[in-house]
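Take a look at the letters that make up each chain.
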Amino acid sequence: MSSRFRSAGFTLIELLVAVAILGVLVTLAGMAVFHGTARVRVSNAAFEVGALYTAAQLRATSMGVPHYVVFHDDGTDFGAYLLERPDALGAYNWAAEDVLNPTQVGGTRHEQLRLSRESGLGFVNLARPGLRPLPAPFASIPLTPSGTGRLLGGCSFCTEGTGGARGVIRFSPDGTVRLLTGSAELGGVIAFEPDSRGTSSGHPRLVVIAAPAGAIRVF
């Protein structure tokens, strides 16, 4: 009777093995859900930035007032905002001054993307091997990081200044575009990927804008 009982039940080792296998399966499923969700967030972030560019273009040409898209990263929080700023307010040193101080910058903010609130979102290091060159008509825009770090590593036109890293694009009423930070002249790239704790995810999204024509594309 005792032998029949042992054959019909489970030993402690068998139960531990079953629990371990279940734990591995749950972990794998969780990773798949996380990375799948993160990829959606990366795509959303890229297309939201593209939409912000388009909104800046349309508002500038229809209202006859320059508009700016300003990326910012203070080391903790990163995002972007759309700014309406008439030339009558005077010049501003976008490369050095604090772009998060509305009193100093002036103008009117219309939209803001708080990208750091999207968990699982990070920046592509543009210096990493394996990134494909941009296709025509954007092939002349280099995939070169403006520095090291989060935003600087994933942006070809950003720079460091008071309050952290920033990248600024001006959309003029005549439809032209000019990058006011960094050394990019032909256009700029900002690139997102799922935040994979410093490792390459292989699923980047690049938002590209050409200057001075203002052509926009998400790759």
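These numbers come from a predicted model, not from an experiment.

Hey, could you run me through the overall build of the protein in this one?
Within the protein one finds four helices and ten strands. In sequence order, the secondary structure elements of the protein are arranged as α-α-β-β-α-β-β-α-β-β-β-β-β-β. Within the protein, the proportion of its 219 residues that are buried is 38%. Summed over its atoms, the accessible surface of the protein is roughly 11,600 Å², and 59% of this surface lies on carbon and sulfur atoms.

Help me out: how do you make sense of the nonpolar core in this one?
By size, the foremost hydrophobic cluster in this structure holds 35 residues, and its most contacted members are Tyr53, Phe71, Phe157, Phe171, Ile190 and Phe192. Broken down by element, this core gets its largest block of residues, nine residues, from helix α2 (residues 12–63). Excluding anything up to four places from it in sequence, Tyr53 contacts Val69, Phe71, Phe157, Ile169, Phe171, Ile190, Val207, Ile209 and Ile216. If you look at the next biggest cluster of nonpolar residues, it comprises ten residues, including Leu126, Phe138, Ala191 and Val208.

Just checking my understanding: could you explain the pairing of strand β1 (residues 67–73) for this structure?
Looking down a regular strand, the side chains alternate between one sheet face and the other. In terms of residue burial, β1 counts as a mostly covered element, since seven of its seven residues are buried. Side chains His67, Val69, Phe71 and Asp73 project from β1 onto one buried face, and the interleaved Tyr68, Val70 and His72 project onto a second face that is buried too. With seven bridges joining them, β1 and strand β2 (residues 78–84) adopt antiparallel strand pairing. Bridge pairing links Asp73 to Phe78 in β2. A loop of four residues connects β1 with β2, the two strands running antiparallel in sequence, and Gly75 in this loop sits at a positive phi of about 95°. Note that β1 and strand β6 (residues 164–171) share seven bridges and pair antiparallel. Bridge pairing in β6 places Phe71 opposite Gly167.

What am I meant to see in the side chain of Glu84 here?
You can see Glu84 is positioned in strand β2. On the basis of relative accessibility, which here comes to 15%, the residue Glu84 falls in the buried class. For Glu84, the side chain forms a polar contact with the side chain of His110, separated by 2.6 Å.

Which parts of the structure should I look at to understand the packing of aromatic side chains?
Aromatic rings in a pair are described by how distant their centres are and how their planes are angled relative to each other. Tallied over the full model, the rule gives eight aromatic pairs. Relative to Phe71, the ring of Tyr53 has its centre 6.3 Å away and its plane inclined at 90°; by these criteria the two rings are edge-to-face. In this pair, Tyr53 is assigned in helix α2 and Phe71 in strand β1, connecting sequence segments 18 residues apart. Residue Tyr53 is classed as buried on the basis of its relative accessible area, which comes to 0%. Taking the centre distance of 6.0 Å and the plane angle of 40° together, the rings of Tyr53 and Phe171 count as tilted. Highlighted residues: Tyr53 in helix α2 and Phe171 in strand β6, separated in sequence by 118 residues. For the pair formed by Tyr53 and Phe171, the shared burial category is buried. Aromatic rings pair up to connect Tyr53, Phe71, Phe157 and Phe171 into one cluster. A cation over a ring is seen here: Arg109 above Tyr81, with NZ or CZ 3.8 Å from the ring centre.

Calculation notes
- Residues numbered from 1 in each chain as written.
- Predicted model: local features only at pLDDT ≥ 70, side-chain atom pairs only at ≥ 80, totals over all residues.
- Heavy atoms only, no water.
- Helix = DSSP H or I, 4+ residues; strand = E, 2+ residues; numbered from the N terminus.
- Buried < 20%, exposed > 50% of the residue type's maximum accessible area, 1.4 Å probe, protein only.
- Areas by Shrake-Rupley, 256 points an atom, 1.4 Å probe, with all protein chains shown as cover.
- Core = buried A, V, L, I, M, F, W, Y, C linked by side-chain atoms within 4.5 Å.
- Contact = heavy atoms within 4.5 Å.
- Pairing = 2+ DSSP bridges.
- Polar contact = N/O pair within 3.5 Å; in protein donor to acceptor, adjacent residues only side chain to side chain.
- Phe/Tyr/Trp six-rings, centres within 6.5 Å; stacked < 30°, edge-to-face > 60°.
- Lys NZ or Arg CZ within 6 Å of the ring centre and 35° of its normal.

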